[in-house]
Amino acid sequence: MSLELVISDLDGTVVETEDYHRRAYNVLFRELDLARHWSEEDYRVRLANMGGGKFEEILTWLPHPVNNREETISKLYARKTDLYVDLVVNDLHSGELSPRPGVESLFRQIVHSGIGLAIGSACVKWAAEKVLEASLGMDLIESLATVCAGDDVVAKKPDPAVYLLVAERCMVDPANCLVIEDTRHGMEAALHAGMRCLVTPSELAKTDAFPEAGAKLESLEGLGIRELRGLWEIC
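Quick caveat: nothing in here was measured; it's all calculated off a predicted structure. (Residues numbered from 1 in each chain as written. Predicted model: local features only at pLDDT ≥ 70, side-chain atom pairs only at ≥ 80, totals over all residues. Heavy atoms only, no water.)

A. Region of the structure containing unusual backbone geometry. Residue Lys157 is joined to Pro158 through a cis peptide bond whose omega torsion reads 15°. Counting through the fold element by element, Pro158 comes out in the loop between β3 (147-148) and α8 (161-170). Phi at Asp33 takes a positive value of approximately 60°, unusual for a residue other than glycine. Here Asp33 lies in the loop between α1 (18-31) and α2 (40-49). Among the residues examined, Asp33 registers a relative accessible area of 72% and is labelled exposed. Positive phi, close to 55°, is recorded for Met171, a residue that is not glycine. Classification of Met171 as exposed rests on a relative accessible area of 76%. (Helix = DSSP H or I, 4+ residues; strand = E, 2+ residues; numbered from the N terminus. Buried < 20%, exposed > 50% of the residue type's maximum accessible area, 1.4 Å probe, protein only.)

B. Molecular detail of the pairing of strand β4 (residues 177-181). When you tally the buried positions in β4, you get five out of five residues, the bulk of the element. Here β4 shows two buried faces, one formed by Cys177, Val179 and Glu181 and the other by Leu178 and Ile180. Here strand β1 (residues 5-8) pairs with β4 via four bridges, running parallel. Opposite Val6, over in β4, you have Leu178 as the bridge partner. (Pairing = 2+ DSSP bridges.)

C. Molecular detail of empty space enclosed by the protein. Across all of its chains, the model carries two cavities of 30 Å³ or more by this definition. Roughly 30 Å³ of volume is contained in the second largest cavity. What lines the second largest cavity is simply Ser121, Ala122, Gly150, Val153, Ala155, Lys156, Lys157 and Val162. Among the residues making up the lining of the second largest cavity, the classes are represented as four nonpolar, two polar and two charged. (1 Å grid on protein atoms, 1.4 Å probe; cavity = no way out; pocket = protein on both sides within 12 Å on 5 of 7 lines; lining within 4 Å. Points joined across faces, edges and corners; volume = space filled by probe spheres on them. Nonpolar A, V, L, I, M, F, W, Y, C, P; charged D, E, K, R; others polar.)

D. Quick look at the environment of Ala189. With respect to the element layout, Ala189 can be found in helix α9 (residues 184-192). When the C-alpha positions of Ala189 and Ile234 are compared, they lie 19 Å apart, and in sequence the two are 45 residues distant. Once residues within four sequence positions are removed from consideration, Ala189 is found in contact with Lys157, Pro158, Asp159, Pro160 and Tyr163. (Contact = heavy atoms within 4.5 Å.)

E. Examining the packing of aromatic side chains more closely. Under the counting rule described, the total for this entry stands at nine aromatic pairs. Note on Tyr25 and Phe29: the rings are 6.3 Å apart at their centroids and 35° apart in plane angle, and the pair reads as tilted. In this pair, Tyr25 and Phe29 are both assigned in helix α1, four residues apart and thus about one turn of the helix distant. Each member of the pair, Tyr25 as well as Phe29, carries the same accessibility label: buried. The interplanar angle of 75° and the centroid separation of 5.4 Å between the aromatic rings of Phe29 and Trp61 together place this pair among those described as edge-to-face. A residue pair is termed long-range when its members are at least 10 positions apart, and Phe29 in helix α1 and Trp61 in the loop between α3 (54-59) and α4 (69-94) qualify at 32 residues. The two residues Phe29 and Trp61 agree in class, both being buried. Grouping aromatic residues by their ring pairs yields a cluster made of Tyr25, Phe29, Trp38, Tyr43, Phe55, Trp61 and Tyr77. (Phe/Tyr/Trp six-rings, centres within 6.5 Å; stacked < 30°, edge-to-face > 60°.)

Written out as structure tokens, the structure is:
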């Protein structure tokens, strides 16, 4: 088996944005007049255990009965996504936020090497594309083989659906794909897809255990295409 496609997660992997989701939720709570606030630890627990179920919990906090759960969740999710994108893009443009160390350099080396590079994110596509454009620039984004997002699939990570869709669209056998992830449920999605996985834990996932990962690094800083091929061999 040879390395044909590198698939990267977005939130927490390309940019340290996981805490921006927490901040967006807290703004949403204020807009809803809910006396709730998620600390970093509150969100870390939900990030590890709840996957896409956070809005189910929020529904239980609303003061009035919800007649249409799916419609209400959809509206809440849309508003929270708007808040998240505004926070992230504004900080990327101001210089308060930037890609994680080594990401842009490694991505450019992957593209230049002829290995495919794609994104598999839980975000809705328009939000993923906005964050990618603001963090990496259009020239690199246009070099991606594909961007698959949360609204492209029904099931969320740790289900492997988004990574299997990336492989299908790129016409690459999952066994020839390497996923770069930052969380345990993301790693599990990659492994369930039959792919190898390199983990670079984000701030909110640094205390998580990743014994099943093929490799684990603090960051991608200093990692070049030669080192990446070496990691592929041992993953």
